[in-house]
Amino acid sequence: MNTSAPTEEIPRADQPGQTVAVWDLPLRFFHWSMVIVGVTAAVTGFLAPTWWLDIHILSGYAISILLLFRIIWGLMGSHYSRYKNFILYPPKVIAHIRNLIDRSAGPSLGHNPVGAWVIVGLMFSLSLMVLSGLIGLGGQEKLGPFAFILSFETGVRALSVHEFFSWALLFLVLTHFMGVVVEQRVFKHPVISAMVTGDVPVGDYQAAGNQAAPVTKKHTTIGAALFVLVSTSAILIGISLSNKPAFGYTQIALPETYASECGDCHDAYHPSLRTSAAWKNILGTLEDHFGEDASLDDATIQEIAHFTSQQGAENFDTEVSHLVGRVDTESRRMTDTAFWKKRHQDIDDTIFAQSSVGSKVNCNACHSDAPIGRFDDSNIHIPQGNLP
Amino acid sequence: MTRNRSMSAKNILLQATMAVSLGLFTVGFAAASPTDDILAGYATEASALDSSFDGFSAERGRTLFVTEFGTGKEDTPACTTCHTNDPTQLGETRAGKSIDPMAASINLERYFELKQVEKWFGRNCKSVIGRECTPIEKGDFITFMLTL
């Protein structure tokens, strides 16, 4: 293992104008792309995950691809992109911290020992974020490449990991950012321009007694080829997996009698919104149906009861079937479930009152996929502007 | 020739008879529309219940439509709760679904099928008044809607 000169801390020498390449182009492309999609994912995730889930998911996919590329690039990139040249040896880390404290730390070629640990932490937590996000998306939302295999419960657990590590990641990003500020401002090492141009002043390079193989055009070519390969295969595999039928959700056609009779006063609700037992109860008390008489003749009731005995919340593994459908409240109203209330707490009464909505139980007015029992976050479109 | 002529005269007579019968049939059919049948049925029931019954009244139907009963379910004190005061306009269910106008001029099909008519009288009379409607009330209601 070559632990000698190249990545040692070195005294800064001034030979303005002359530079040498340290960061290869694929690595810089990775870095700044990650900044853009990472900030997008963070903003949409921390601020309003429900409304911006589409953008959050897209940026998550982009992060996955970039991360996958970076993980492989750590094995085949140019000198300072490789894991084996990360300075992680604890005594060196402690020495570097001492140098930082007494302000004697010189510039590092590549990641300095503290920075290297932060990078490892960033890559580790980013991997966990991407994995937990994809598992959560698949299990809870029944979307994405893992929807075909994951249960709701698995998805919910993964999302609690996702949430926890989002804070860890935020902390690491801030640490990384602080490190950059300290290098740039306190020690006057041009680390930001180095990540933009790839170059550091040639004096630093020579003073380090650098033995690293130089960055060449070959790295750009190989990096570009690898990125195309990684992104293309990830997208193709991702799409083909995403197209598999989701675990615990099959789209069913509502029988005509069910759709027309239950759809007289309100649009016919998807059967996954109540358990079969609750449907039976509802069908047995139609003469007092949420404050109105909704009696039907016995033959019609029998026909509907046959359907709801076979299709109820327990036959679906969707978020709505778990958090609304399986939850029975004293009033039997879906709008009295904790999940319904929580999800609709920010929606003003005037939204429900407008003529195109009319009531809180007109799910279809905002959830365009309510008739098929999906209730995807991305299919929420709240009508605005036709207030009564 | 004579034979042929008499044949064709017979044909003309036959065709004329068919045309007249068809015309009469059409007129008869139009007169006894499904709505009239339903009204006739309610009239028979009404006479059976009350020998002094002498026909439906649009004015009584209007009163029925606009009266605030408050004797049925709490949230539906009157027909107008959901159907609005103007039967030519769209109504809205408590759940937010729009209801086609009640006026026969706009939506005569409403009063074509006895099963449907009975289903909605059955539900809504109980929701609004708290009891079944009488045949007179049902007939009055439809008669009122036929005037709009």
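Residues numbered from 1 in each chain as written. Chains lettered and ligands numbered in written order. Predicted model: local features only at pLDDT ≥ 70, side-chain atom pairs only at ≥ 80, totals over all residues. Heavy atoms only, no water.

Regarding its fold elements, chain A presents 14 helices and two strands. If one aligns the C-alpha atoms of chain A with their principal axes, the spans along those axes are about 95 × 40 × 40 Å. Evaluated residue by residue, chain A yields a buried proportion of 44% over its 388 residues. Excluding contacts between residues fewer than 6 apart, the proportion of contacts in chain A whose partners are at least 24 apart in sequence is 71%. When the accessible surface of chain A is totalled, it reaches about 19,900 Å², and 65% of it is carbon and sulfur. A gap of 17 Å separates the mean positions of the 25 positive and 35 negative side-chain charges of chain A. (Helix = DSSP H or I, 4+ residues; strand = E, 2+ residues; numbered from the N terminus. Buried < 20%, exposed > 50% of the residue type's maximum accessible area, 1.4 Å probe, protein only. Contact = heavy atoms within 4.5 Å. Areas by Shrake-Rupley, 256 points an atom, 1.4 Å probe, with all protein chains shown as cover. Lys, Arg positive; Asp, Glu negative; His and termini not counted. Charge placed at Lys NZ, Arg CZ, Asp CG, Glu CD.)

Once that is clear, we can look at the overall build of chain B. When its secondary structure is counted, chain B shows seven helices and two strands. Along chain B, helices (α) and strands (β) appear in the sequence α-α-α-α-β-β-α-α-α when read from the amino end. Here chain B, with 148 residues, has 32% of them falling under the buried criterion. Taking the contacts inside chain B whose residues are at least 6 apart along the sequence as the reference set, 56% of them involve residues at least 24 apart. Total accessible area on chain B stands at roughly 9,000 Å², and carbon and sulfur atoms take up 61% of it.

Glancing now at the state of the cysteines. Residue and element names in this part refer to chain B. Going through the model one piece at a time under the given rule, you end up with one disulfide over all chains. In this model Cys 125 forms its disulfide with Cys 133; the gap between the sulfur atoms is 2.0 Å. When the S-S torsion is -100 degrees, as for the bridge of Cys 125 with Cys 133, the disulfide is left-handed. On the basis of relative accessible area, Cys 133 is assigned to the buried category, the value being 8%. Note on Cys 79: no disulfide assigned, nearest cysteine sulfur contributed by Cys 125 at a separation of 7.3 Å. Look at Cys 79 and you get buried, because its relative accessible area is 16%. (Disulfide = S-S within 2.5 Å.)

Our next topic: the confidence of the model for chain A. Per-residue confidence for chain A averages 89 on the pLDDT scale, and 92% of its residues sit at or above 70. This model gives residues 1–15 of chain A a pLDDT under 50, and the stretch forms 46 contacts once residues within four places in sequence are excluded. (pLDDT = per-residue confidence, 0-100.)

Pairs can form between side chains of opposite charge whenever their charged atoms are close. Tallied over the entire structure, the rule returns 18 salt bridges over all chains. Put simply, Asp 377 of chain A and Arg 343 of chain A hold a salt bridge, and the shortest N to O gap is 3.8 Å. Of the two residues, Asp 377 of chain A sits in the segment after α14 (349–353) while Arg 343 of chain A sits in helix α13 (residues 338–344), which places them 34 residues apart along the sequence. We classify Asp 377 of chain A as buried; its relative accessible area is 9%. Its relative accessible area of 30% is what places Arg 343 of chain A among the partly exposed residues. The closest approach of N and O atoms between Arg 374 of chain A and Asp 376 of chain A, which form a salt bridge, is 3.2 Å. When sorted by exposure, Arg 374 of chain A lands in the same class as Asp 376 of chain A, which is buried. Through salt bridges with shared partners, one network takes in Glu 261 and Asp 264 of chain A together with Lys 119 and Arg 123 of chain B. (Salt bridge = Lys/Arg side-chain N within 4 Å of Asp/Glu carboxyl O.)

A positive phi angle, close to 60 degrees, is found at Lys 142 of chain A, a residue other than glycine. Along the chain, Lys 142 of chain A falls in the loop between α4 (113–139) and α5 (152–186). The backbone of Thr 84 of chain B shows a phi angle near 65 degrees, a positive value even though the residue is not glycine. Locating Thr 84 of chain B in the fold gives a position in the loop between α4 (80–83) and β1 (91–92).

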